[in-house]
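# Inside the fold
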Amino acid sequence: MRVSELPTARPPGAGREDIDFAAAQRAVADLLVALGRDPGSEHLADTPRRVADAYAEMLTPREFNLTTFPNDEGYDELVLARDIPMQSLCMHHMLPFHGVAHVGYLPGERILGLSKLARVVELFARDFQVQERLTKQVADWLQEYLAPVGVGVVIEAEHMCMSLRGVRATGSRTVTSALKGALREDGRSRQEFFALTGVAG
Ligand SMILES: [Zn+2]
């Protein structure tokens, strides 16, 4: 299939249609009881619905069409979208982690509408995730569907499970990267990528 004819992008995980809202609301009410709270109190009365809605939203990426264009001018320098806002849910604690993604690629025969790089991040971020896995999934997906000469993805994120609990490492950011193709193999391309992302490579 040609990249330009790709159908609407769908994430590999569950979508909103797989979420059982009634069961999720019951489970939140049960959790409140288990935590010694009264889900019948005025402030908590509507909380199970709000929590179920919030999780459904955080687990459902917006669908998008992968619009690509022929690289008519033969542009062969790095294309980089920096500081793409990123929010996801830690798979281990069901708490948010958030930060920014830097996504770059060295074009092959096709180029991508720039806003689509942010949508690809969202496609995988709206899921229960591990940051390392999220980073790799974005890189793999771009490699597969855009077939560029190289792909680089860096994610810098603060994890609420680290900031709010235990070590209370507020402000501490976890940095992960995934490189493919020329950005992995070629030292100069790799250095340029990391220099432009502002992350020490
Ligand atoms: Zn966690």
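Residues numbered from 1 in each chain as written. Predicted model: local features only at pLDDT ≥ 70, side-chain atom pairs only at ≥ 80, totals over all residues. Heavy atoms only, no water.

Reading across from one edge, β5-β2-β3-β6-β7 is the order of the 5 strands in this open sheet, with mixed pairing throughout. Two strands close off the open sheet at either side, each with one partner strand: β5 (128-129) and β7 (174-181). Relative to β5, strand β2 (residues 79-90) runs parallel, the two being bridged by 2 bridges. Paired with Cys90 across the two strands is Gln129, which belongs to β5. Strand contacts of helix α7 (residues 187-197): β2, β3 (96-106), β6 (150-159) and β7, with the helix running at about 70° to β2, the strand carrying the most contacts. (Pairing = 2+ DSSP bridges. Helix = DSSP H or I, 4+ residues; strand = E, 2+ residues; numbered from the N terminus. Contact = heavy atoms within 4.5 Å. Axes fitted to C-alpha atoms, helices over the stretch in contact; angles between N-to-C directions.)

Our focus in this paragraph is the packing of helix α1 (residues 21-34) against helix α2 (residues 47-58). A pair of packed helices is characterised by two quantities: the angle between their axes and the separation of those axes. Two elements in contact, α1 and α2, have axes separated by 8 Å at closest approach and are oriented at 125°. Taken together, α1 and α2 sit at an angle that is classed as oblique. In terms of crossing hand, the pair formed by α1 and α2 is right-handed. Across the interface between the two elements, Phe21, Ala24, Gln25, Val28, Ala29 and Leu32 of α1 pack against Thr47, Pro48, Arg49, Val51, Ala52, Asp53 and Ala56 of α2. Its residues placed into classes, the contact of α1 with α2 shows 9 nonpolar, 2 polar and 2 charged. (Parallel < 35°, antiparallel > 145°, perpendicular 65-115°, else oblique. Left-handed = near helix turned anticlockwise from the far one by under 90°. Nonpolar A, V, L, I, M, F, W, Y, C, P; charged D, E, K, R; others polar.)

Okay, the packing of helix α3 (residues 115-125) against helix α4 (residues 131-146) next. Taken N-terminus to C-terminus, the directions of α3 and α4 make an angle of 130°; their axes are 9 Å apart at the nearest point. Here α4 runs oblique to α3, going by the angle between their axes. When you trace α3 past α4, the crossing you get is right-handed. Contacts between α3 and α4 involve Leu117, Val120, Val121, Leu123, Phe124 and Ala125 from the former and Leu134, Gln137, Val138, Trp141 and Leu142 from the latter. Residues that form the contact of α3 with α4 fall into these classes: 10 nonpolar, 1 polar and no charged.

We now examine the nonpolar core. Judged by nonpolar contacts, the single largest core of 30 residues is most densely connected at Met86, Val103, Leu117, Leu134, Val138, Trp141 and Leu142. Breaking this core down by element, the ones donating at least two residues are β2, β3, α3, α4 and β6. If we skip the residues at most four places from it in the chain, Val138 touches Val103, Val120, Val121, Phe124 and Val153. Counting 9 residues, the second-largest nonpolar core is a separate cluster that includes Leu179, Leu183, Phe194 and Val199. (Core = buried A, V, L, I, M, F, W, Y, C linked by side-chain atoms within 4.5 Å. Buried < 20%, exposed > 50% of the residue type's maximum accessible area, 1.4 Å probe, protein only.)

Below, the discussion takes up unusual backbone geometry. Phi at Asp83 takes a positive value of approximately 55°, unusual for a residue other than glycine. With respect to the helices and strands, the residue Asp83 is situated in strand β2. Phi is positive for Ala147, which is not a glycine, with a value near 45°. Looking at where Ala147 falls in the secondary structure, it is placed in the loop between α4 and β6.

Glancing now at the UniProt feature "binding site: Zn(2+)" (unreviewed entry) in the chain. In the numbering used here, UniProt assigns the "binding site: Zn(2+)" (unreviewed entry) feature to Cys90, His93 and Cys161. The greatest C-alpha distance among the residues just named is 7.9 Å, despite their covering 72 residues of sequence, which places them together in space. Summarising the element assignment, Cys90 is placed in strand β2. Discounting residues that sit within four places of it in the chain, Cys90 has contacts with Leu95, Phe97, Phe128, Gln129 and Cys161. Considering the arrangement of structural elements, one finds Cys161 in helix α5 (residues 160-163). (UniProt positions renumbered as here; feature names shortened; annotations may be inferred.)

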